[in-house]
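What follows is the residue order along each chain.
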Amino acid sequence: MKNKIYEQRVLRKWSQQKLATLCGVSRQTINALEKQKYSPSLELAFKLANVFNTTVEALFYQN
């Protein structure tokens, strides 16, 4: 599953650490998600969408 986490984070000029803190996860988790090493849990996907004020469907997509 692909995502737009990096683009959304850069658009807001947030560091990985700031996003991690807002979502309650580690910076390494954000890094792995941005590099698309794994898909987030449903709970984390909703947290990310909420932090970015968007929908899960807009943030995550299939190839």
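- Under the annotation held in an unreviewed UniProt entry, the protein chain carries the name HTH cro/C1-type domain-containing protein and is attributed to Liquorilactobacillus mali.

1. Observations regarding the pattern of salt bridges
So, point 1. In the structure shown here, the tally under the stated rule is two salt bridges.
So, point 2. With a closest N to O distance of 2.4 Å, Arg9 and Glu34 form a salt bridge. Highlighted residues: Arg9 in helix α1 (residues 5–11) and Glu34 in helix α3 (residues 27–34), separated in sequence by 25 residues.
So, point 3. A relative accessible area of 10% places Arg9 in the buried class.
So, point 4. Under the relative-accessibility criterion, Glu34 is labelled buried at 13%.

The rules behind the values
Residues numbered from 1 in each chain as written. Predicted model: local features only at pLDDT ≥ 70, side-chain atom pairs only at ≥ 80, totals over all residues. Heavy atoms only, no water. Salt bridge = Lys/Arg side-chain N within 4 Å of Asp/Glu carboxyl O. Helix = DSSP H or I, 4+ residues; strand = E, 2+ residues; numbered from the N terminus. Buried < 20%, exposed > 50% of the residue type's maximum accessible area, 1.4 Å probe, protein only.

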